Structure formats: structure tokens, C-alpha cells
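Per-entry structural report
Single-letter residue listing:
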Amino acid sequence: MIIQNRGGGDSLDGSLSMSDPIIQMPEDVRIMGNGKLPFHVALTATDAPYSKWQCRIMYYWYKKMKEMPGSEMGGFTRVLHSGSPDNLMDEIPTYVVDPLPEGLDRGYIVLNRPWAFVQWLEKATIEEEYILMAEPDHVFVNPLPNLARGGYPAAFPFFYIKPTEHEKIIRKYYPEDMGPVTNVDPIGNSPVIIKKSMLEKIAPTWMNVSLSMKDDPETDKAFGWVLEMYAYAVASALHGVQHILRKDFMLQPPWDLEIDKKFIIHYTYGCDYSLEGKLTYGKIGEWRFDKRSYLRGPPPRNLSLPPPGVPESVVTLVKMVNEATANIPGWNSV
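Residues numbered from 1 in each chain as written. Predicted model: local features only at pLDDT ≥ 70, side-chain atom pairs only at ≥ 80, totals over all residues. Heavy atoms only, no water.

Per an unreviewed UniProt entry, the recorded name for the protein is Hydroxyproline O-arabinosyltransferase-like domain-containing protein, and the organism is Macleaya cordata.

See the structure below:
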């Protein structure tokens, strides 16, 4: 299997099959073992109803998967960047940080994410050596071990993050003397499992690169809603950090059809199907599950299951949402 290395070439590693979930790993860590290394689960969130109900489902499944064999999950923190406590403080472990000064995010609320991590890392007491940066719309579908190896963090490779196709723009923030554009991984900040000490160095750079990118019209237009993801990838490269890329870290319905041994369901895309089980993406389906249908409040309990023929990933997602909402007390009260 061809594995990128940072020397500029490719190496052929016969020990990895084409089905291996690791699609990129630095040469010097391929044979390393890994003792039990707990990681702290952290996600950034707002006090909007849309964010709250997702966080509640996410935390429900964290608690279940944390106790299962194979899990190396440690503590959990919802980093709330609304500036003041909300009504989930007693339900979910939460650390309150300040939002960016008014107007600085220019309506792109995700810019608060790196600033939230900067504050949390500076002020909070975090016992674990490693941190998983997660998001409210993540559901743990299998127990998650620490996928990082040695000093190398683990990340999920996104098909739509393509630094090499945006070399001209990337070079505004990652100059040629830093190395080839291939040093910028095709990732966002989440999901990433990374050493706390490493993230403490990257986070301020990530914040500054994010704000610089948002201030540049060309970059803002090219990267759009994934600008902050590119900013994390660039910031990591500026610090000389390379990630082990794990395609089994996460799946994204409706495009990924099977759960298999993957660890996180990311339900960012709408799932629209006909009653015959055919995907009607881009057109509201006769059956649908889309988180954006619930911007003002939580989805009802006991959502209807998809029709026959819909992929396992979508069916599992809806079943897991239903289990969480059935068991979370006062589901409709938040």
C-alpha cells in the first residue's frame, strides 16, 4: 500500500493491506505499540437549542461506550463558548469560556471553536495527557481506543479538504520555506486525538490563522464553511505536526453505508430517501432525517425508522438517536 511520507516521496509498505484503515502513518511509528492511554473528550458548543440536543445525545453515547472493553475514553468536557452557564450544567460536565468579541466571527460561529480551545487549555485542569476534539453531532458507535501513536496525533481524512488543490491560497499562510504543501494534512480539527501539550502550542496559531483566513476575501470564498478546518490543518503543519490518518475514525451517512469497525457516526449530512429506500440527496425525501430540521428544539422521541433498503449506517444512526432520547430524562424540556 502506498503511504505518503514527509520526505517528499512514497514508500511501499507490504505489511499493510488495501483494506487497512490507516492510510497515512509516519515511518518511525508504524511498528510502535501503545499501552493504555486515556484521552479527554472535549467538544465546543453554544447554548442554542440546536447545539444542546446534539450534545445530550453525544454525551449519552459517550457514557455507554466509555465503559465498554476497548475504550480508552477518559473524562468529558463540553466547552461552552456562550460566555455564561446554561441549563445543561448539571447534566453534562461543562466549562464556560467567552465567545469572540462581537462581530469578529462575521457570522461564522465556528470561528469561536479555536478561541474556545485556547481558553479551556489555558484555564482548566485536564488530567489526561491526550485530548479528543469532538463535535456535538458525533455519536460513538464503537468503543474508541487512543488512536494516537507516540508523538503523532490521529485524525480523520476528509475527502473535501484538499490542500494541494489550493496551493496558491495555502501558501499565503504556509510559506514555501516551511516545506511542500503536502505537509498540510487533509483534515479538520475534529475528530483528532492529540497530546495536550501539542494542542496547547497549536491552538493559538489555529485561532490566528482562522481569523486571518476569514479576513482575506479570496480565502474566505474558496474555503467557505470549511475555512476553520483548513486553518487547523495549516496551523498543525506550521508547528511541524503530522497526523496519522485513520479512515476508520468516523463514518458519514448517507455516503458511508456500513458501520463495520468504525468508531464515530458524524451526522452532518441530511439523509433523504424514497419509500423504496432510494437516496434522494438534494431533494426532501418521503423519509428523512436531517439535524437541520430541528434548529429550534430537539427531535421527538421514537423517530420513524427508515424504509427497507436504506443503508445500515442510517438505520443505526436513527436507532441510536431513539435510544438516547428515550433514556435522557426531560428530553423535551431543554
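What follows picks up the thread again.
**Brief notes about the overall build of the protein**
When helices and strands are counted, the protein shows seven helices and 15 strands. Across the 334 residues of the protein, 57% fall into the buried class. Counted over contacts in the protein with a minimum sequence separation of 6, partners at least 24 positions apart contribute 69%. As displayed, the protein has an accessible area near 14700 Å², and 53% of this comes from carbon and sulfur atoms. (Helix = DSSP H or I, 4+ residues; strand = E, 2+ residues; numbered from the N terminus. Buried < 20%, exposed > 50% of the residue type's maximum accessible area, 1.4 Å probe, protein only. Contact = heavy atoms within 4.5 Å. Areas by Shrake-Rupley, 256 points an atom, 1.4 Å probe, with all protein chains shown as cover.)

**Some remarks on the side chain of Thr 268**
Here Thr 268 shows up in the loop between β13 (264–266) and β14 (271–273). Setting aside anything within four residues of it in sequence, one finds Thr 268 in contact with Asp 137, Gln 252, Lys 291 and Arg 292.

**Digging into helix α1 (residues 49–66)**
The terminal C-alpha atoms of α1, which comprises 18 residues, lie 26 Å apart, in line with the 26 Å expected from a rise of 1.5 Å per residue. Where burial is concerned, most of α1 is hidden: 13 out of the 18 residues are buried. (Expected span 1.5 Å × (residues − 1).)

**A look at the packing of aromatic side chains**
The tally for this structure, following the rule as stated, stands at 21 aromatic pairs. With 6.5 Å between their ring centres and 35 degrees between their planes, Phe 289 and Tyr 294 make a pair best called tilted. Accessibility assignment for this pair places Phe 289 and Tyr 294 in one class, buried. Taken together, the aromatic side chains of Tyr 50, Trp 53, Tyr 267, Phe 289 and Tyr 294 make up a single cluster linked through ring pairs. (Phe/Tyr/Trp six-rings, centres within 6.5 Å; stacked < 30°, edge-to-face > 60°.)

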